[in-house]
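Spelled out from the first residue to the last, the chains are:
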Amino acid sequence: MSGGEFVALTAQGVSQHVVTRVRHVAAALPQALALDDGVVRLDYAELERRAAALSSRIAAAAPGGEPVAVLLSHGSTAGVAVLAVLGTGAPVVVLDPTTPVERLRHYVEQSGASTVVTDASRAADAAELCPRVVRTDRALVALAQDDAAVAPDCSWPLADDQLDSRAPVVIVYTSGSTGRPKGVVAHSESVLHDATTNGRGCYGPGAVIGNLLPMAFSAGIGLLLAGMATGSAQALFDPRTRAVSELPGWLLQAGVTVLAASPAILRGAVAALAPGEQLGRLAAVTTAGETIHAAEMQRLRTALGPGCTVHNRYGSSETWLIAEHVITPGDPGPTGAVPVGLPVEGVSLRVVDEAGRRHATGTGRLEVTSRWLTDGYWRAPEATAAVFTAGADGSTSYLTSDTATIAADGVVRLLGRVDHSVKIRGHLVEPGEVDAVLHALPEVREAVVVGVVPGEEGGRSRLVAYVVPEAASLQVPQLRRAVRAALPAFMVPEQVVLLERLPRTERGKLDRSALPPPPAVEVGGVPPRTDWERVVAAFVARALDLDAVGAHDDFFELGGDSLAAEALLAAMGSSLDVPSEVLTTSLIAENPTVAELAEALRRRRRSGRDAAVVTFNGGGSRRPLFVVAGAGGVALAFRRLAERLGGDQPLIALQARGLEGGGRPEWSVRSRARHHLAQLRQVQPHGPYRLAGHSLGALVALDLAQQLRDAGEEVESLIVIDSFPPDPALAPPALEGPLPQRAKTLASILLTGVVQSRGMGHYDRFHLQGKLLQRRYRTRPWEGRALVLVAADDPDAEARSRWAEHLRGPWTMHRTGGDHTGVLQEPHVGPLAELVRDELDALERRGSGAGHRSVGAA
């Protein structure tokens, strides 16, 4: 096709080869950006020039018509190589460089490729895979030579009329039910039609696509070619080799307008955002690969901002894009699982019931019909015939493995799989492949892997392996390492259950229904013991999408991977006062348990800062809430409360002097309150003040309120969070046991904040010292407004409710879930925060919060 005015790609214009279409785009938009990976930036003219030169080299090396493999990192050069292979008339097989070589060898052998395109960094692996290797670095270096005698021919090896639009152009591999991956083959018209359906409302000249999808997978190679065919710019980012915390800044720097990413990547990117930060300035986000539930979608939409449209899509390697559900900025959020929506143009959907009858509406196995489906499985006619059916009108039907409901309005909702496959981190995994690896291990007698999918409440899908050991010496970490060496990380079972035998039916077949229930992700028997451990445990649980984790739980054994590690580091970096150079994945690798990581972070906190004062939501516009930590409690323990209160509510947390950093501790509640009074006035010189405290911190906040009142300042409210009242008779003893034990404990307490001892931890000593201060503290009743919150699940709840005789002003009391420490953690901190927020909102309505300036973040 000659140059001239750009012609948009439509369903009526797909009867051409992919390379022919890209040549038209390059002729019409030569200076428009095509590919940019941050190192190599190519306009369409340069993309075509490089692809043509490389294509000639490939054509000279590879046997005609034989598939050609590409083994390159996720970047511009890989895009050039894919287009170059297609220019030879051969189909391309993109190999993922993060996949073990043994698995890549199966792809190469099954496809019949004997030529691979690669660069210097992967030349050794390429030589193991194929006898013929074409080096992009050599071809493109020669292209850059000024000497015409050295520069290669930049013409394509085949003209447009020599390129067959119905010939195979792409082979992508998907899991197979036999435990061996199958190659799905597609022709140009199929690829280009997918470009029209994917691109509607998203792609085209002027659009900058943020491409995060690996090219070795159907969605990735489809996106690459769709971007080229529609004249879009593509900015390439590999979240497997770059920190997900870089993504928000990269989106802005690259000017991305359309982000294409899996739900797993989006989940990590949202978790990495700082409070109030948005995920770029995007016009649209497209995502597919796993079910998204309403709460997760709402978090994503909040992070994207008010002007972004979300396309929740559904497709497969065999069909390309099937359906999509579009959520525009003004649409209300969905409830439950987000539907996959309506079929795209050129696709019709039906459900097949158990009797084999087809229905336009109802529930059953989903069947897809279109003229633009793929050609089936490469070199596997029996497997193709099992699920593909040719229609008399030239269309093809594909029977998916998904159970779905089609409503009267045509909206499709997925219900699950009819086979045993499961989506893990956006990848369709056939557990039989993992079974095959496990059975090959001499230490394993029998094994079966099952996929566990989340319920309506959300969560993540995971793999669980049931294994019968050949020998009692089988170690689970050893087994996981063996699987990891043979398969991608997302195919490694998150949990391994050892059994004496697998359950069988009367006929000797595996009885999956009799397997033990998939275990919940286990939490270690030792709960977090210090506030630092509790803070880190909360971060880890959130990164791994777990309800809770224990002090000795291992991040990686619980299913953590590099993406989860990056999300964890990004989240901690926005809240913990730890230098950014310390927050590396090696820190987690060297300190994988919660207790180890908490101690490593505590020791690496910045020096020269007052660790006793921590500000959350410093940019908030409301009057700050000052919260005092309890005995041995750290200010960071209030991070979850601050998050739940919202970014507009500053929270300044105060902890005891000497707990972390320099300074000797105070030896009375009143002296600690005086110390905090000086810190408080540095942030807010004059009232009205809003004060709160947890445990002993509530008594300190009470005394602080009394001192402020005595100084003529207004204290609007005192919030007591699960604290004994100032009555020594109710306070538990600090010294227990026989006299020698009490004397030893007292001697250790007297060294609080001075030295460490082997017999008692630093934070434990502060905790016991606080008990002593509590039993010695008395004060007059509080005359002002108060809110008392009691942890209803704690054994001391009744005693901590007895504040009536100590409060003379207007006050209310509420019981909330959790125990004494759990009340500040998920899931109990949410209801607690609602009560605190209601109290603060009531103060705001009185008009006293107007005009407050934001406070600086610590």
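One can find the structure itself at the top, above this paragraph.
Quantities reported herein were computed from a predicted structural model and do not represent experimental measurements.

S.K.: Whenever I open this one, the overall build of the protein chain confuses me. Can you help?
M.R.: Scanning the protein chain from N- to C-terminus turns up 25 helices and 33 strands. With 858 residues in all, the protein chain has 58% of them scored as buried. At a minimum sequence separation of 6, the contacts of the protein chain that also span at least 24 residues come to 69%.

S.K.: I keep staring at the environment of proline 239 and nothing clicks. Help me out?
M.R.: Its place among the elements puts proline 239 in the loop between β10 (233-236) and α9 (247-254). Sequence spacing of proline 239 and histidine 74 is 165 residues, and the spatial spacing of their C-alpha atoms is 9.7 Å.

S.K.: I'm lost on the packing of aromatic side chains in this one. Help?
M.R.: One pair of aromatic rings is described through two measures. These are the centre distance and the angle between the planes. A complete count under the given rule lists 5 aromatic pairs for this structure. Look at tyrosine 107 and tyrosine 173: their rings are 4.7 Å apart centre to centre, the planes differ by 20°, and that puts the pair in the stacked class. Here tyrosine 107, found in helix α4 (residues 101-111), pairs with tyrosine 173, found in strand β7 (residues 168-174); they are 66 residues apart in sequence, far enough to count as distant. Tyrosine 173 sits in the buried class, given a relative accessible area of 9%.

S.K.: Whenever I open this one, the sheet that holds strand β24 (residues 444-452) confuses me. Can you help?
M.R.: The strands that make up a sheet pair up through hydrogen bonds in the backbone, lying either parallel or antiparallel. What the 3 strands build is an open sheet, ordered β24-β25-β26; its pairing is mixed. Since the sheet does not close on itself, it has two edges, and those belong to β24 and β26 (495-498), each with one partner. Ignoring which end each strand starts from, the neighbouring axes of this sheet average 25° apart. Summarising the sheet, strand β25 (residues 462-469) and β26 pair through 4 bridges and their orientation is parallel. Residue valine 464 lies in a different strand from β26, and its bridge partner there is glutamine 495. Sheet strands in contact with helix α13 (residues 431-439) are β24 and β25, and its direction is about 160° off that of β24.

S.K.: What's the story with the side chain of threonine 309 in this structure? I'm lost.
M.R.: One can find threonine 309 in strand β13 (residues 309-316). By relative accessible area, threonine 309 is classed as buried at 15%. Once you skip the residues sitting within four places of it in the chain, threonine 309 turns out to touch Ala283, Ala284, Val285, Val326, Ile327, Thr328 and Pro329.

S.K.: Explain the state of the cysteines to me, please; I cannot follow it from the model alone.
M.R.: Put plainly, two cysteines are in a disulfide when a covalent bond ties their sulfur atoms together. Scanning all chains against the criterion turns up 0 disulfides. There is no disulfide at cysteine 202, and the cysteine sulfur nearest it, in cysteine 308, is 9.4 Å away. The exposure class assigned to cysteine 202 is buried, which follows from its relative accessible area of 8%.

S.K.: For this particular structure, what's the right way to read the nonpolar core?
M.R.: As a rule of thumb, soluble globular proteins bury nonpolar side chains together. Leu54, Ile58, Val117, Ile221 and Leu225 are the most contacted members of the largest nonpolar core, which totals 86 residues. With 8 residues, the top contributor of residues to this core is helix α3 (residues 76-87). Once residues lying within four places of it in the same chain are set aside, the contact partners of isoleucine 58 are Val68, Ala84, Val85, Thr88, Val117 and Val134. Of all hydrophobic cores here, the second largest spans 54 residues; its members include Val540, Leu583, Ile588 and Leu641.

S.K.: Any chance you could explain helix α2 (residues 44-61) here in plain terms?
M.R.: Along an α-helix, a turn takes 3.6 residues, which lines up residues three or four apart on a common side. An ideal rise of 1.5 Å per residue puts 26 Å on 18 residues; α2 measures up with 26 Å between its terminal C-alpha atoms. Every buried residue of α2 is listed here: Tyr44, Glu46, Leu47, Ala51, Ala52, Ala53, Leu54, Ser55 and Ile58. Of the residues flanking the start of α2, the one acting as N-cap is aspartate 43, its side-chain oxygen 3.2 Å from the backbone nitrogen of alanine 45.

S.K.: How do you make sense of the packing of helix α1 (residues 18-28) against α3 when you look at a structure like this?
M.R.: How two helices sit against one another is set out by the angle between their axes and by the gap between those axes. At a closest axis distance of 9 Å, the pairing of α1 and α3 adopts a crossing angle of 120°. If you check the angle between α1 and α3, you find them oblique. For the pair α1 and α3, the contacting residues are Val18, Val19 and Val22 in the first and Leu83, Leu86 and Gly87 in the second. Here the residues of the contact of α1 with α3 are counted per class, giving 5 nonpolar, 1 polar and no charged.

S.K.: I keep staring at helix α10 (residues 263-272) and nothing clicks. Help me out?
M.R.: Taken across its 10 residues, α10 has 7 buried, putting it largely inside the fold. Inspection of α10 places Pro263, Ala264, Ile265, Leu266, Gly268, Ala269 and Ala272 among the buried residues, and these make up the whole buried set.

S.K.: In this structure, what is going on with the packing of α2 against α3? I would like to understand it.
M.R.: As a packed pair, α2 and α3 sit with axes 8 Å apart at the nearest point and diverge in direction by 55°. Judged by the inter-axis angle, α2 sits oblique to α3. Between α2 and α3 the crossing geometry is right-handed. When α2 is examined against α3, the residues Leu47, Arg50, Ala51, Leu54, Ser55 and Ile58 are found in contact with a partner set consisting of Val80, Ala81, Leu83, Ala84, Val85 and Gly87. Here the contact of α2 with α3 is built from residues that sort into 9 nonpolar, 2 polar and 1 charged.

S.K.: Explanation requested: the pairing of strand β28 (residues 625-628) in the structure shown.
M.R.: The side chains of a regular strand alternate between the sheet's two faces. Burial along β28 is two-sided: Leu625 and Val627 and Phe626 and Val628, pointing in opposite directions, are all buried. By the bridge criterion, 4 bridges tie β28 to strand β29 (residues 651-654) in an arrangement that is parallel. Opposite leucine 625, over in β29, you have leucine 651 as the bridge partner. Sheet topology places β28 next to strand β30 (residues 689-694); 3 bridges connect them, and they run parallel. In the strand pairing of β30, phenylalanine 626 is matched with leucine 691.

Cut-offs applied
Residues numbered from 1 in each chain as written. Predicted model: local features only at pLDDT ≥ 70, side-chain atom pairs only at ≥ 80, totals over all residues. Heavy atoms only, no water. Helix = DSSP H or I, 4+ residues; strand = E, 2+ residues; numbered from the N terminus. Buried < 20%, exposed > 50% of the residue type's maximum accessible area, 1.4 Å probe, protein only. Contact = heavy atoms within 4.5 Å. Phe/Tyr/Trp six-rings, centres within 6.5 Å; stacked < 30°, edge-to-face > 60°. Pairing = 2+ DSSP bridges. Axes fitted to C-alpha atoms, helices over the stretch in contact; angles between N-to-C directions. Disulfide = S-S within 2.5 Å. Core = buried A, V, L, I, M, F, W, Y, C linked by side-chain atoms within 4.5 Å. Expected span 1.5 Å × (residues − 1). Polar contact = N/O pair within 3.5 Å; in protein donor to acceptor, adjacent residues only side chain to side chain. Parallel < 35°, antiparallel > 145°, perpendicular 65-115°, else oblique. Nonpolar A, V, L, I, M, F, W, Y, C, P; charged D, E, K, R; others polar. Left-handed = near helix turned anticlockwise from the far one by under 90°.

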